[in-house]
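Given next are the chains, with one letter for each unit.
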Amino acid sequence: MPEIQEIIEEPKIDKRNQLNDLTAKEWIQETKSFFFQKGLGAKSPEAKYEKMHPAPFSFTDITKLIRFFTKEGGKVLDPFLGVGSTVKACLETNREGFGVELSPKWCEVTRQRLSEESNYEIDDKHLICEDSRNLKKYFNKDFFDFIVTSPPYWNILEKKDHKANERVLNGHVTKYSENDFDLGNIEDYNQFLDELSAIFLNCYDILKPGKYMNIIVSDFRHKSEFVAFHADLISKLTNKEVKKHFVLKGIKALMQNAKKLYPYGYPFCYVENIHHQYILILQKVNERS
Ligand SMILES: C[S@@+](CC[C@H](N)C(=O)[O-])C[C@H]1O[C@@H](n2cnc3c(N)ncnc32)[C@H](O)[C@@H]1O
């Protein structure tokens, strides 16, 4: 194997590189198992639409993933689009972004956001206001180069904690919708996991063989118990007994070092300030017969 220094100095994109448009130095840098979240800052004009949504991700973080997992012109899907951060990241990087989002309200915010911030009028082929359970109706088999998303984390937005109180004080909503098809409104955790995994396993068909899906999730607390949501989801999606299953290729920690600390549990017991998310990196390795 050549020394890392020799590889890093190669200025050109390797001809064998079918995955992205990165040089060796850029590629190797992105293989670290963590990175620090790069928010926009509350005062940024681009934070206006993001702030309306209870759980957006920053398009700058998604841009990094899109640059690594696709080439220019690649087709990217977010099956839980929210306020359109993934499509915005695609516009910034010359990729073709598609999104599915259940709530008409968030679809409308996405339209306004992309028009105002990126001068892009999204059409109904790229923004589908629908239940993701039906996504196979809209896309052909082996269509996407990359799927990236952050789904609802069960019904944790139902929690009446100080974060929810702060949102209410600032005039923002605390949940996605009241719709019965909203995965964030499912009461039972196991049912939620089954329904969410079924959607991701449908994504398997519309992803090209060899390509990747990234899912951004956080663990959480339910009453006094810690729920390792990322681990539960991995076991569902990589279960070898299911014909169409993904292969887990890595887990990246997205460090949220700027988050406010709360004195949970003090001075009685250990209660974590959960200040990171996980990016589950899954690959559709091959069609299985
Ligand atoms: C964590 S948020 C995604 C936020 C997004 N990453 C952003 O930056 O705006 C999850 C989204 O999934 C949507 N959702 C919930 N159930 C859904 C379903 N069955 N089909 C499609 N979207 C759904 C919610 O309305 C919510 O906007």
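For the structure, check the block above.
What counts, and where the lines are drawn
- Residues numbered from 1 in each chain as written.
- Predicted model: local features only at pLDDT ≥ 70, side-chain atom pairs only at ≥ 80, totals over all residues.
- Helix = DSSP H or I, 4+ residues; strand = E, 2+ residues; numbered from the N terminus.
- Rg over C-alpha atoms; globule rule 2.2 N^0.38 Å.
- Buried ≥ 20, exposed ≤ 12 C-beta atoms within 10 Å, placed from the backbone.
- Pairing = 2+ DSSP bridges.
- Axes fitted to C-alpha atoms, helices over the stretch in contact; angles between N-to-C directions.
- Contact = placed C-beta atoms within 7 Å.
- Near = placed C-beta within 6 Å.
- Nonpolar A, V, L, I, M, F, W, Y, C, P; charged D, E, K, R; others polar.
- Right-handed = clockwise from strand over helix to strand, strands pointing away.
- Parallel < 35°, antiparallel > 145°, perpendicular 65-115°, else oblique.
- Left-handed = near helix turned anticlockwise from the far one by under 90°.

(A) Spotlight on the overall build of the protein chain. Assigned secondary structure in the protein chain consists of 9 helices and 10 strands. Against the 2.2 N^0.38 benchmark of 19 Å for 289 residues, the protein chain shows a C-alpha radius of gyration of 19 Å, consistent with a compact globule. For the protein chain, the C-alpha atoms occupy an extent of roughly 55 × 45 × 45 Å along the three principal directions. Taken across its 289 residues, the protein chain has 31% of its residues classed as buried.

(B) Looking closely at the sheet that holds strand E6 (residues 207-217). What the 8 strands build is an open sheet, ordered E1-E9-E10-E6-E5-E2-E3-E4; its pairing is mixed. On the outer flanks of this sheet lie strand E1 (34-36) and strand E4 (127-129), each paired with one strand and no other. Strand-to-strand twist of the sheet, defined as the mean angle between neighbouring strand axes without regard to direction, takes the value 20°. Both strand E5 (residues 144-149) and E6 contribute to a ladder of 5 bridges, which runs parallel. The partner of Thr149 across the bridge, within E6, is Ile215. Packing of helix H4 (residues 59-69) onto the sheet brings it into contact with E1, strand E2 (75-78), E5, E6 and strand E9 (247-255), and relative to E5 it is tilted by some 155°. In the packing of helix H6 (residues 104-118) onto the sheet, contacts are made with strand E3 (96-101) and E4, and the angle to E4 comes to roughly 160°.

(C) Geometry of the environment of Lys243. Within the secondary structure layout, Lys243 lies in the loop between helix H9 (229-237) and E9. The sequence separation of Lys243 and Lys211 amounts to 32 residues, and the corresponding C-alpha distance is 17 Å.

(D) Quick peek at the site of the ligand. Of all residues adjacent to the ligand, which total 25 residues, the nearest are Pro56, Phe80, Gly82, Ser85 and Tyr176. Across the shell around the ligand, the residue classes tally to 13 nonpolar, 8 polar and 4 charged.

(E) Spotlight on the pairing of E2. Looking at chain direction, E2 and E3 are connected through 4 bridges and run parallel. When the sheet's bridge partners are listed, Lys75 is paired in E3 with Glu96. Read from E2 through helix H5 (residues 85-92) to E3, the crossover connection turns out right-handed. Two elements, E2 and E5, share 2 bridges in a ladder whose sense is parallel. Among the inter-strand pairings, Leu77 is bridged to a residue of E5, identified as Ile147.

(F) Up close: the packing of helix H8 (residues 189-206) against H9. Their axes nearest at 10 Å, the elements H8 and H9 cross at an angle of 50°. Taken together, H8 and H9 sit at an angle that is classed as oblique. Judged by the sense of rotation from one axis to the other, the crossing of H8 with H9 is right-handed. Taken together, the residues of H9 that come into contact with H8 (itself represented by Leu193, Ser197, Phe200 and Leu201) are Asp232, Leu233, Lys236 and Leu237. When grouped by side-chain class, the residues that make up the contact of H8 with H9 number 5 nonpolar, 1 polar and 2 charged.

(G) How the structure looks around the packing of H4 against H5. Between H4 and H5, the least distance of the axes is 8 Å, while the angle of their chain directions is 60°. Classified by the interaxial angle, the pair formed by H4 and H5 is oblique. Relative to H5, H4 is oriented so that their crossing is right-handed. Residues Phe59, Ile62, Thr63 and Ile66 of H4 lie in contact with H5, whose contacting residues are Ser85, Thr86, Lys88, Ala89, Cys90 and Glu92. Per-class residue counts for the contact of H4 with H5 are 5 nonpolar, 3 polar and 2 charged.

(H) Broad picture of the pairing of E3. Most of E3 is tucked away: 5 of the 6 residues are buried. When E3 meets E4, the two strands line up parallel, connected through 3 bridges. The residue bridging Glu101 from the neighbouring strand is Cys129, located in E4. As a crossover connection, the stretch from E3 through H6 into E4 is right-handed.

(I) Layout of unusual backbone geometry. At the junction of Tyr266 and Pro267, the peptide bond is cis and its omega measures out at 0° in the coordinates. Backbone geometry places Asn94, a non-glycine residue, at a positive phi of 60°. Inspection of the secondary structure assignment puts Asn94 in the loop between H5 and E3. With a phi close to 55°, Lys223 is a non-glycine residue in the positive phi region.

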